[in-house]
Amino acid sequence: MLRKLLKYDFRSMWKQFSVIWPAALVLALVNRFILFAPDNNIIDGAIRMDNGILAIISMSVFMGVLFAMFIVSMLYVLKRFYRGLLGDEGYLMHTLPVKTWQLVASKLVCAVLVTVVNVIVAGLAMFLMMPLKWSDVFNMRFWGDIFQGLAHHPGTILYLLEFCLMMGMALAFAVTQVYLAMAIGHLFSRRRVLMSVVAYFGLNILLTMAINVVSKFEFIHHLTTFGSHAPFWIAIGLLAVPTTLFFAGTSYQYRQRFRLVHA
Amino acid sequence: MNELLIKSRGVSKSYGRKTALDRVDLDVGRDRIVGLLGPNGSGKTTFIKLLCGLLQPNCGELAVNGQKIGPETKAQISYLPDRMYFADWMKATDLFDLFRDFYRDFDYDKALAMCRSLGVDPKDKLKSMSKGTKEKVQLVLVMARKAQLYLLDEPIAGVDPAARDFILQTILTNYNEEGTVLISTHLISDIEKVLDEVVFLKEGRVMLHNTVDNIRENEGKSVDALFREIFRAQPMEGGNF
């Protein structure tokens, strides 16, 4: 059932971002050809352009699209959860024959994925904007050397995977904290948005207190000495604990004390 | 298959200090159309929301087809809420896809046929549809299922008398006759002719549960007349004007 829920959340995500993601990539290419056109000269590291105003406008639009992409994604994460589970759409979602945790999990996976794709699109856009020669980019020997190097040092791939996992967990942690804050705010019959904000700061205070307590345990510091991979796994573990608690708290609240905005 | 489709024992629900349902005991069987009747604020919508799992009772036991409310009972219930639940990006066909994925008893072809007969283009975006057309789509979603229990919350409220007949006709010609339809409303005269049983709710308690035939025979009056008699508003007394 989670797979089916994800299908509809992904569809919703695509409807939202199907314009802004390609727009960011297209604008990056436009910028590349304006900024690094053959008739521009590079003097002392600065680009001298004959079409300066056009370049400024094009660059501004590009930066605006990137900025909008991240703002839209933040709003999207909040809106999909609020409207999808707490607003009128909740009349549909909460009467589907699925478990409450699956509804929350679907929104969480989608929120994390949106953020990851945003980062990938932003990175790709920056890459497209660089004055690289396509023949260099698609040079199979260059990529072959990179893959050969990675194959000789498999630890590097592991570091990369650990780093990605840690970032993914950090994202899930941030999103579940917002979800739980909204769930707590929803327990109140009035001023639910304000109470959600208060709950968010309340959770932050609790987390700070918990971090202070955990940092006093000596064994945590000793764990970091267990090889160079240990810090990643400790960070993942430490992030997983509050993430799981936030997720379970949100699911429990919707299962036991749920009430829609207009209910 | 359980003979009792709905079984409620001592179910109470309150919102803060306000009691919406107070120790409701109710048994509803299969293969019938039941009117859940009562004035505004009598607890009709709350009872329906408890049945479809949108709310949880404070105390008491509630079961549908012998099972506690959960994903299994939700799969057997077709629910028409008193508001629109569409996401703005969807088309009617997106909703049909969703219902086909989640409900085994959803008949996709029947939904398309119903759309054709109701003059709805299922390929249109929902946000571009009028309120009346959206209501039709929601009705199609509910009635294209072969559910055990249909929960229809105020399906004819806020529409003109001609549209009421049309909605009732759509319900009557499309519901699963092995199942039960529970319709909440306070527009009794419009639906009395299609009801087999009625449940009167007053201030969160069941006042009366009987068949329409028994009421007519024993009370010598229509359900509508009995309702007006029981729920007649009492004017303020004692004032010297």
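Residues numbered from 1 in each chain as written. Chains lettered and ligands numbered in written order. Predicted model: local features only at pLDDT ≥ 70, side-chain atom pairs only at ≥ 80, totals over all residues.

## What to know about the domain arrangement of chain A
All names here are of chain A.
Here is step 1 of the chain: Domain boundaries assigned for chain A yield domain 1 (16-132) and domain 2 (139-263).
Here is step 2 of the chain: Only α3 (52-86), α4 (90-93) and α5 (100-129) provide two or more residues apiece to the side of domain 1 that touches domain 2.
Here is step 3 of the chain: With 7 residues, α5 is the largest single contributor of residues to the side of domain 1 that touches domain 2.
Here is step 4 of the chain: A breakdown of the residues in the side of domain 1 that touches domain 2 according to their chemical character gives 12 nonpolar, 4 polar and 1 charged. (Domains from an automatic or database assignment. Helix = DSSP H or I, 4+ residues; strand = E, 2+ residues; numbered from the N terminus. Nonpolar A, V, L, I, M, F, W, Y, C, P; charged D, E, K, R; others polar.)

## Some points on the pairing of strand β8 (residues 180-185) of chain B
Residue and element names in this part refer to chain B.
Here is step 1 of the chain: Counted residue by residue, β8 has 6 buried out of 6 residues, so it is predominantly covered.
Here is step 2 of the chain: A two-sided burial pattern is seen for β8, the buried positions comprising Thr-180, Leu-182 and Ser-184 on one face and Val-181, Ile-183 and Thr-185 on the other.
Here is step 3 of the chain: Inspection of the sheet shows strand β3 (residues 32-37) paired to β8 by 6 bridges, in the parallel sense. Of the residues in β8, the one forming a bridge with Leu-37 is Thr-185.
Here is step 4 of the chain: Inspection of the sheet shows strand β7 (residues 149-153) paired to β8 by 5 bridges, in the parallel sense. By the bridge assignment, Leu-152 is partnered in β8 with Ile-183. (Buried ≥ 20, exposed ≤ 12 C-beta atoms within 10 Å, placed from the backbone. Pairing = 2+ DSSP bridges.)

## Let's talk about the packing of helix α8 (residues 154-185) of chain A against helix α11 (residues 230-256) of chain A
Residue and element names in this part refer to chain A.
Here is step 1 of the chain: At their nearest, the axes of α8 and α11 sit 8 Å apart, and the two run at 30° to each other. Here α8 is positioned roughly parallel relative to α11, judged by the angle of their axes. Crossing geometry of α8 relative to α11 is assigned as left-handed.
Here is step 2 of the chain: In terms of residue class, the contact of α8 with α11 is built from 19 nonpolar, 6 polar and 1 charged. (Axes fitted to C-alpha atoms, helices over the stretch in contact; angles between N-to-C directions. Parallel < 35°, antiparallel > 145°, perpendicular 65-115°, else oblique. Left-handed = near helix turned anticlockwise from the far one by under 90°.)

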